[in-house]
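Below are the chains, spelled out letter by letter.
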2 protein chains.
Amino acid sequence: MNLMTVGTLALDDIKTPFGEVKGALGGSATYFGLAASFFTECGLIGVVGSDFPEEHLDFLKSKKLDLSGIEAASGKTFRWSGSYEFDMNQAHTLKTELNVLSEFNPKIPGGFRNCEILFLANIDPDLQLEVLEKVKPKYCFADTMNFWIEGNRESLDEVFGRVDGIIINDSEARQYCKTPNLIACGKILSRLNDGKVIIKKGEHGILYFSEERFFSLPAYPVENLVDPTGAGDSFAGGTLGHLAKHGEFSDEMMRKSIVCGSTVASYVVSGFSVDGIKVRTHEDIESRYQHFRNIVAFDHNL
Amino acid sequence: MNLMTVGTLALDDIKTPFGEVKGALGGSATYFGLAASFFTECGLIGVVGSDFPEEHLDFLKSKKLDLSGIEAASGKTFRWSGSYEFDMNQAHTLKTELNVLSEFNPKIPGGFRNCEILFLANIDPDLQLEVLEKVKPKYCFADTMNFWIEGNRESLDEVFGRVDGIIINDSEARQYCKTPNLIACGKILSRLNDGKVIIKKGEHGILYFSEERFFSLPAYPVENLVDPTGAGDSFAGGTLGHLAKHGEFSDEMMRKSIVCGSTVASYVVSGFSVDGIKVRTHEDIESRYQHFRNIVAFDHNL
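This write-up is about the structure you can find in this document. (Residues numbered from 1 in each chain as written. Chains lettered and ligands numbered in written order. Predicted model: local features only at pLDDT ≥ 70, side-chain atom pairs only at ≥ 80, totals over all residues.)

### Some points on the overall build of chain A
Each helix and strand counted, chain A has 11 helices and 13 strands in total. Its C-alpha atoms give chain A principal-axis dimensions of about 65 × 40 × 35 Å. Across the 302 residues that make up chain A, the buried fraction comes to 53%. Of the contacts made within chain A by residues no fewer than 6 positions apart, 65% connect residues no fewer than 24 positions apart. (Helix = DSSP H or I, 4+ residues; strand = E, 2+ residues; numbered from the N terminus. Buried ≥ 20, exposed ≤ 12 C-beta atoms within 10 Å, placed from the backbone. Contact = placed C-beta atoms within 7 Å.)

If you want it as structure tokens, here you go:
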């Protein structure tokens, strides 16, 4: 296994100005894995309840995802209920039901322990640290959210100090670093471990900091934004999936991988739940990747 | 004269978390002209009061700016007083004293009437229309602000329908177009006259819409953001100054000009008033332009 993630599989109730869905397939591991599947095989570590539809598992398997790390627990699957206003920038959480997630204790199948790249999706930093005790990946990236920055900062600091890369939202980078300037945030975060830092800015794209270089990518222009849920995890999945496929971590490769992640995310937000990517092919990614180049191109002669 | 602008010359009181200045050189025409001066000569149309320091006029002249369209009126110069919070995104206007601007009636010197490019900075749309009666430029670009969108929409609609290009802030584009999606805004604005539309997003860069193509440029990374005043007008000045120098309006040239405008603006915000650009040379622009290419570059092989 070259790539694995520890995160959630969820049933989501989502309402946006463009419609709503109930009990739809969601969760960070789900979005990450589906996005990564355009480029490579990926193992998922997570837990589902007895109400999790078999068809969802069949769908994930059909995308070359390895589900041997998914625990089937008795009880209800993790449920998230949220809504978006017309500007779509901020998810408003209406309800979070942890259910089987509250007793989740990640078990790592033997074949996963020496994976190349591990993505610690947004879960309790103590769980992230537990996984880091059990898995020795070549490269590890971690995400987090405001809830843990406020509630478990000490463990989160330890996670950030131990991973090779941080993938984080702009608002959470500002909160963690206590400064509004994102360039300053990137420098602060990358000094934690001399590692790679990716700041996700939603409709405004991506900032990527590493050692001495800096990469800035605007977002792919999406006019038919229907449901932003999963955009961040899909970005991470597309980026790390592309990296895992090539097994190379040069600055040039990181940049290409980030464009791939942004491309996948641009498809995700054009439909509810996973509808925006489930019918997409590698050719769709390739085509939008090339369009991306056209969008940012300018000549070197001033 | 290849390039001219109609706008304000001001004395600004500005306070940011990094310091404050009182009675400092400011105004849309000032910033526009200084930014354009890196690339071409530029004529300014505006009015100053009897309190406007001679040294400011000498400074503007020293930058090859043609001040024959500046009226010296008796009374006080236009004054703007504003402050910025720690996040620097939004200027809070504390006081606006129109003074000599309240009676301003733009007079266009003969040599200006057939200029190549005219920039109508943010002034009353009725004044913008008056200028359009007197000047017949090859290309005309206009800016505006929330005050006119709310207070003189009818005249503003006429301005936008008559110019070749609109240069506007993201929040004002959203307000004018009544939609939060900036891609949709760009399309709505460019349909007004089948023209060019530039949406300024501050720290998030620029979106440029024209006919069938789309260009998106992130902002140059500025960590030492000291005073954002004048960033938008400097961007416009750098962009149109570079266009006027080359006298060509191809998509490729527009993109290069937008990068030049962004580069100049990135210097402006690193100092109070015009301090951030007054000592800069064309070599500084060239160097940051090339760094910009490095910042957005990625390979075409996915």
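Don't stop here, the text continues.
### Re the sheet that holds strand S6 (residues 79–84) of chain A
All names here are of chain A. Taken in spatial order, the 4 strands make up an open sheet running S3-S2-S6-S7, and their pairing is mixed. Whereas interior strands pair on both sides, the edge strands pair on one side only; in this sheet they are strand S3 (19–26) and strand S7 (91–97). Neighbouring strand axes in the sheet, compared pairwise and without regard to direction, differ in orientation by 15° on average. With 5 bridges joining them, strand S2 (residues 10–16) and S6 adopt parallel strand pairing. Across the sheet, the residue bridging to Leu-11 is Arg-79, located in S6. (Pairing = 2+ DSSP bridges. Axes fitted to C-alpha atoms, helices over the stretch in contact; angles between N-to-C directions.)

### Notes on the interface of chain A and chain B
Listed per partner, the contact involves 33 residues of chain A and 33 residues of chain B. At the level of elements, helix H7 (182–191), strand S13 (213–217), helix H9 (251–268) and helix H11 (282–296) of chain A are the ones that each hand at least two residues to the side of chain A that touches chain B. Across the side of chain A that touches chain B, the residue classes break down as 19 nonpolar, 5 polar and 9 charged. (Nonpolar A, V, L, I, M, F, W, Y, C, P; charged D, E, K, R; others polar.)

### Thoughts on the relation of the copies chain A and chain B
For these two chains of identical sequence, chain A goes onto chain B by a turn of 180° and a shift of 0.0 Å along the axis, with RMSD 0.0 Å. Here the two chains are linked by the operation of a two-fold rotation axis. Of all interface residues in chain A, 100% are interface residues in chain B too; the two copies therefore contact each other through one and the same surface. (Least-squares fit on C-alpha atoms with pLDDT ≥ 70 in both.)

### Digging into unusual backbone geometry
Residues and elements named next belong to chain B. Even without glycine at this site, Asn-99 takes up a positive phi of about 50°. In this fold, Asn-99 is placed in the loop between strand S7 (91–97) and strand S8 (117–120). On the neighbour-count criterion, Asn-99 (20 C-beta atoms within 10 Å) is buried. Even without glycine at this site, Asp-194 takes up a positive phi of about 50°. Within the fold, Asp-194 resides in the loop between helix H7 (182–191) and strand S11 (196–200).

### What about the sheet that holds strand S12 (residues 206–210) of chain B?
All names here are of chain B. Ordered in space as S5-S4-S1-S8-S9-S10-S11-S12-S13, the 9 strands form an open sheet in which the pairing is mixed. In this open sheet, the two strands that pair with only one neighbour each are strand S5 (65–72) and strand S13 (213–217). Between one strand axis and the next, the sheet turns through 15° on average, direction left out of account. The pairing of S8 with strand S9 (residues 139–142) spans 4 bridges and is classified as parallel.

### Looking at the pairing of strand S4 (residues 42–48) of chain B
All names here are of chain B. Burial analysis of S4 places 7 of its 7 residues in the buried class, which makes it a mostly covered element. Alternating positions in S4 separate into two faces, Cys-42, Leu-44, Gly-46 and Val-48 on one and Gly-43, Ile-45 and Val-47 on the other, with burial throughout. Sheet topology places strand S1 (residues 3–6) next to S4; 3 bridges connect them, and they run parallel. In the strand pairing of S4, Thr-5 is matched with Leu-44. Taken together, the 6 bridges between S4 and S5 define a ladder with parallel strand orientation. Bridge pairing links Val-47 to Glu-71 in S5. Each parallel crossover has a hand, and for S4 linked through helix H2 (residues 54–62) to S5 it is right-handed. (Right-handed = clockwise from strand over helix to strand, strands pointing away.)

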